[in-house]
Amino acid sequence: MKRIGIFGGTFDPVHNSHVALARAAIKELDLDELFVVPTFAPPHKDGAAASEENRFNMLSVAFSGEEKIKISNYELKRGGVSYTYLTVEHFKSVYGGEIYFLVGADMLSDFKTWKYPERVLSACTLAAVKREGFSAGEENALHADFIKRYGKDFISLSFTGEGVSSTKIRVYSFLGLSLKNLVPEKVAEYITQNNVYPGNEITEYLKKELPEKRLIHTACVASTAVGKAKELGLKRSKVLTAALLHDCAKYLNPADFKGFKLPEGVPAPVVHQYLGAYVAENVLNVKDEEVLGAIRFHTSGKPNMTTLEKLIFVADMVEEGRNYEGVDKLRDLFKKDFNECFKECLKEETLHLMRRGGSIYSLTLDAYDYYINENDKTTQGEKE
Ligand SMILES: [Fe+2]
Ligand SMILES: [Fe+2]
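Structure report, in brief. (Residues numbered from 1 in each chain as written. Chains lettered and ligands numbered in written order. Predicted model: local features only at pLDDT ≥ 70, side-chain atom pairs only at ≥ 80, totals over all residues. Heavy atoms only, no water.)

1. Describing the coordination of the iron ion (ligand 1)
What counts here: Only nitrogen, oxygen and sulfur atoms qualify as donors, provided they sit within 2.8 Å of the metal or within 3.2 Å for Na, K and Ca; with water excluded from the atoms, sites may seem incomplete. The helix and strand labels rest on DSSP assignments: H or I over at least four residues marks a helix, E over at least two residues marks a strand, and numbering proceeds from the N terminus. Only protein chains enter the area calculation, which uses a 1.4 Å probe; residues under 20% of their type maximum are buried, those over 50% are exposed, and those in between are partly exposed.
Coordination of the iron ion (ligand 1) by the protein involves Asp247 (OD), His272 (NE2) and His298 (NE2), with metal-donor separations of 2.0 to 2.2 Å. In primary sequence terms, the donor set of the iron ion (ligand 1) follows D-x24-H-x25-H. The metal-metal distance between the iron ion (ligand 1) and the iron ion (ligand 2) is 3.5 Å, with aspartate 247 serving as a donor to both. Of the two residues, aspartate 247 is situated in the loop between helix 11 (236-245) and helix 12 (271-282) and histidine 272 in helix 12; the sequence distance between them amounts to 25 residues. Side by side, aspartate 247 and histidine 272 carry an identical accessibility label, which is buried.

2. Remarks on helix 9 (residues 201-209)
In an α-helix, one turn spans 3.6 residues, which is why side chains three or four residues apart end up on the same side. For clarity, the threshold we go by: The arc in question is formed by the directions pointing from the helix axis toward the C-beta atoms. Contacts between residues were defined by any pair of non-hydrogen atoms, one from each residue, lying within 4.5 Å. N or O atoms closer than or at 3.5 Å make up a polar contact, with two conditions inside protein: a donor-capable atom paired with an acceptor-capable one, and, for residues adjacent in sequence, both atoms drawn from side chains.
Within helix 9 the residues assigned to the buried category are Ile202, Thr203, Tyr205 and Leu206. For helix 9, the arc enclosing every buried residue in end-on projection is 155°, short of the 170-degree limit, so these residues lie on one face. Exposed and facing more than 90 degrees away from the buried side of helix 9 are Glu201 and Lys208. Where helix 9 is buried, its residues meet helix 7 (166-174), helix 10 (212-229), helix 11 and helix 12. Where helix 9 begins, the capping side chain belongs to asparagine 200, and its oxygen is found 3.0 Å from the backbone nitrogen of isoleucine 202.

3. Digging into the layout of surface pockets
Where we set the bar: A cavity here means a set of points on a 1 Å grid, drawn over the protein atoms and nothing else, where a 1.4 Å probe fits but cannot get out; a pocket is an open set with protein on both sides within 12 Å along at least five of seven lines, and a residue lines either one if it has an atom within 4 Å of a point. Grid points are joined across faces, edges and corners, and a volume is the space filled by probe spheres set on the points.
What the second largest pocket holds in volume is close to 600 Å³. Broken down by secondary-structure element, the contributors of at least two residues to the lining of the second largest pocket are helix 14 (307-318) and helix 16 (338-356). It is helix 16 that contributes the most residues to the lining of the second largest pocket, 6 residues altogether.

Following this line, the structure appears as structure tokens:
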């Protein structure tokens, strides 16, 4: 009997980790064919940034020459919500054989909320791919739950790919950064040639004002922050704008902006947060107060911060390019407990300033008092 795999996703864009997973799945599941199926409108995610045509073409380019891999436009053509039960039943009826549906292990936690989970399982076997931050204990509990609930287990693939993020690749593209080592070379060429992820006034400004090193940091802050937006109930577009602009004034001179007034007592390294908010509002016409606040306090912090302000503050400290003692612990906490992570970041920031000597900006000390010294009365309410 033929063994057929289905690999669905937004593929916005397809990247190296997808390619590695496709190859690994063919090997590990001994597949005769693997269909890569870009989704029309993923029910568990926001819509895609690239057009359907571009997403499909990027997949074709990425997998050209791979004999066992076919790109299917089934879900794109069908339109509507890309329900898994419809897709697996379609492939089962057209190709017969054993169907294996690849899925991120973390997605299986809410499998019972999928449309017709029993129909999914009667048409295919689920093959779960490990995701970063998803523990073996959680996965074992899921196996037990599947057997109890459906009388049919899923397969856990041993493949663990590097965590490449499509968000990061899109932001890299927006900022004109190299996609080397993130996507196959041909996909990078396709993205550039077809301007798949065009920038805007903001990214053009950043490309003009920031050196490459700072652009990379900016991209990493953006993908870290955007990756957390949904969980924190924030709008991705707001998070993206705030993250992109947080360091926009890092290399600007306040004297060049006539209307800009710096509050009193601001140490030199903190000036760029105020100037950044000013530039965002007056040069780039960003009027959203929440976004401006997140730029304005991303270095100092302050008492009573909004979730967006906290998120930019934290993402700035834990993005993958950061390399200081204790950063791994903070990154771990970022995945598990955002509010705890925020408090630890604030502590780390204050301790760092103390170790460095000299005076600490009063607003940072106020934030420290508010969140750390007075502690739980501030965060308990937010957790509920
Ligand atoms: Fe900054
Ligand atoms: Fe920064």
